[in-house]
Amino acid sequence: MKIGLFTDTAPPLIGGIETVTSLMGHLLKEQGHEVYTFAPAFPRLRGDGANVYRLPSVRASRTRKLRLAYALTRSARRATQDLEIVHSHTPFTIGWMGARIARSRGIPHVYTHHFLVQEYRRTLAPWFPKKLIDRWFKSFLGRCDLVLAPSSDARNEVESFGVPVRVGVLPFGPNKREFDQPPVWDARTELGIAEPHLLLFVGRLAKEKNIAFLLRSFRILAKRRSDVHLVLVGDGPNKEDLQRQAKELGVQGRTTFCGFLIREKVVDLYRQADLFVFGSKTETQGLVVLEAMMAGTPPVAVDGPGVREMVRSGTDGFLVPEDEKVFASCCEELLENPDHRSELGLAAKARAQELSAQAHVARLVGIYQDLLRTRSRSAAVDQG
């Protein structure tokens, strides 16, 4: 099949959508399919490789590096002529381009719902009129043949818009091959961490990730134990505010902000951490939680959308209410019980393997094939 992946967020941006889209394209190519990726151009970005089309774009935010494309290039337009499937991953300008191409060519349009629209609105832009978001998103959903949601929470949000489009649940978890590679560094030594127990967060340092809650919880834990250190990997618009908060809470000496790291180092940190901590309530899946689990590191997470379907609380990690004392106590209990922590880690790795990208790419191909067969039968009936 010739498959077009349309996304408004792509490298050099780093995040769940970028990771999933890149991995999906790689695995589909391994199965012999032709994959064409359409993404925004970024200044000074070169060397994407074959069949990646960067579209002219403008910066869409002062605090975020998100860019919105506004046109197809000639080469990109030619590449769309042979597509059999359009798979969009964002409902912004490039997602809309994909929707229009699918409609004009009479080919199926699949959309993966990667983020909770209304949760992000409430967290990041509560001033933005809900009616306008509803109208925009409903219009986009009306141009889809199928919506794939990584979790039931994501599916429920799509269905809440009342658009008569088929919605299915398809998790697309981490790349398990990354976690079979030998380690490339000793994080504790290179980061100068003396404390024996390491708590880890990986993700965008932004308001929607609820990292301030993690810092407040860590302050409680740090007062109880002198042997713990919190490492935060990632960058974002809230980094300076969070560093200031860590200082105000008195935990700056036991908190390390790493910024972005190369992928191999992030994988090693997952493996070397004792616990993965996560406070976000805006996830459709929580890919970083699954990555930690793939490394055999049990998560302690706020019981929120998406994550609650990935983590089986008490079996391969713990889900707790958004309460700093409860969160800190859960971490403390697990740090005091290495045998229990090890049991959770083994179960977490098995769970992550069940939800890995490799385990679900065959299902995705089957979905594409079903849509093509349905479209072919409909065309035959129309001609008859």
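Definitions and limits used
Throughout this document, residue positions are counted from 1 along each chain, in the order its sequence is written. Since the coordinates come from a predicted model, pLDDT governs what is reported: local features require at least 70, and pairs of side-chain atoms require 80 or more to be given and counted, while whole-chain, interface and lining totals use all residues. Note: side-chain values were computed over all heavy atoms of the structure, leaving out hydrogens and water. Segments assigned H or I by DSSP are reported as helices when at least four residues long, segments assigned E as strands when at least two residues long, and all are numbered from the N terminus. It only takes one pair of heavy atoms within 4.5 Å for two residues to be counted as in contact. Grid points spaced at 1 Å over the protein atoms alone were grouped into cavities, where a 1.4 Å probe fits but cannot get out, and pockets, open sets with protein on both sides within 12 Å along at least five of seven lines, with lining residues defined by an atom within 4 Å of a point. Grid points are joined across faces, edges and corners, and a volume is the space filled by probe spheres set on the points. Three classes are used, and their members are as follows: Ala, Val, Leu, Ile, Met, Phe, Trp, Tyr, Cys and Pro are nonpolar, Asp, Glu, Lys and Arg are charged, and the others, Gly among them, are polar. Any two strands with at least two DSSP bridges between them are considered paired. Every angle, taken between N-to-C directions, lies between 0 and 180 degrees, and every axis is a line fitted to C-alpha atoms, over only the stretch in contact when it is a helix. The term nonpolar core refers to a set of buried residues drawn from Ala, Val, Leu, Ile, Met, Phe, Trp, Tyr and Cys, joined through side-chain atoms within 4.5 Å. Remark: exposure states derive from per-residue accessible area (1.4 Å probe, protein chains only) relative to the maximum for the residue type, with buried under 20%, exposed over 50%, and partly exposed in between. Pairs were defined over the aromatic rings of Phe, Tyr and Trp, the Trp ring being its six-membered one, requiring ring centres within 6.5 Å. Orientation was assigned from the angle between planes: stacked under 30 degrees, edge-to-face over 60, tilted for the rest.

Mind showing me how you'd approach the environment of Ile107 here?
In this structure, Ile107 sits in the loop between helix H3 (93–105) and strand E7 (109–112). Separated by 11 residues in the primary sequence, Ile107 and Gln118 place their C-alpha atoms 29 Å from one another. In contact with Ile107, not counting residues within four places along its chain, are Leu83, Glu84, Ile85, Val86, Ala102, Asp145 and Arg375.

Would you mind going over the layout of surface pockets with me for this structure?
Rolling a probe over the atoms, with the probe sized like a water molecule, indicates the empty space that remains. Estimated volume of the second largest pocket: approximately 270 Å³. Lining the second largest pocket are 19 residues, and of these Pro11, Thr21, Ser22, Thr37 and Val52 lie nearest its centre. Listed by contribution, the elements that provide at least two residues to the lining of the second largest pocket are helix H1 (16–30), strand E2 (34–40) and strand E3 (52–55). It is H1 that provides the largest number of residues to the lining of the second largest pocket, a total of 6 residues. Looking at the lining of the second largest pocket residue by residue, the classes come out as 7 nonpolar, 8 polar and 4 charged.

Explain the sheet that holds strand E10 (residues 197–202) here, please?
One open sheet accounts for 6 strands, arranged E12-E11-E10-E13-E14-E15; its pairing is parallel. For this open sheet the edge positions go to strand E12 (255–259) and strand E15 (318–320), each flanked by a neighbour on one side alone. Within the sheet, the average angular offset between the axes of one strand and its neighbour, ignoring direction, is 25 degrees. In terms of strand pairing, strand E13 (residues 275–278) meets strand E14 (residues 299–302) through 3 bridges, oriented parallel. Note that in E14 the partner of Val277 across the bridge is Val300.

What is the right way to look at the nonpolar core in this model?
One broad trend across soluble globular proteins is that nonpolar side chains are buried collectively. By size, the foremost hydrophobic cluster in this structure holds 63 residues, and its most contacted members are Leu199, Leu200, Tyr270, Phe276 and Phe327. Residue contributions to this core peak at 8 residues, all from helix H8 (residues 211–224). Ignoring any residue separated from it by four or fewer positions in sequence, one finds Leu200 in contact with Val231, Val233, Leu269, Tyr270, Ala273, Leu275, Phe276 and Val277. Ranked by size, the runner-up nonpolar core spans 23 residues in total, among them Leu28, Val110, Leu287 and Ala357.

It is not clear to me how the packing of aromatic side chains should be interpreted in this structure. Could you clarify?
For any pair of aromatic rings, geometry is given as the distance between the ring centres together with the angle between the planes. Evaluated as defined, the whole model comprises 14 aromatic pairs. Ring centres of Phe92 and Phe115 lie 5.9 Å apart, and the angle between their planes is 20 degrees; on these two criteria the pair is classed as stacked. Residue Phe92 is located in the loop between strand E6 (85–88) and H3, and its partner Phe115 is located in the loop between E7 and helix H4 (117–124); the two are separated by 23 residues in the primary sequence. Its relative accessible area of 13% is what places Phe115 among the buried residues.

Would you mind showing me how to read the sheet that holds E7 here?
For sheets, the rule is that strands pair by backbone hydrogen bonds, running either parallel or antiparallel. Across the sheet, which stays open at both edges, the 7 strands sit in the order E3-E2-E1-E6-E7-E8-E9 with parallel pairing between neighbours. The open sheet has two edge strands, E3 and strand E9 (166–169), and neither has a second partner. For this sheet the average axis-to-axis angle between neighbouring strands, irrespective of direction, equals 20 degrees. Direction of pairing for strand E1 (residues 2–6) relative to E2: parallel, over a ladder of 5 bridges. The residue bridging Leu5 from the neighbouring strand is Thr37, located in E2. Sitting on the sheet, H1 touches E1, E2 and E6, and the angle it makes with E1 is about 175 degrees.

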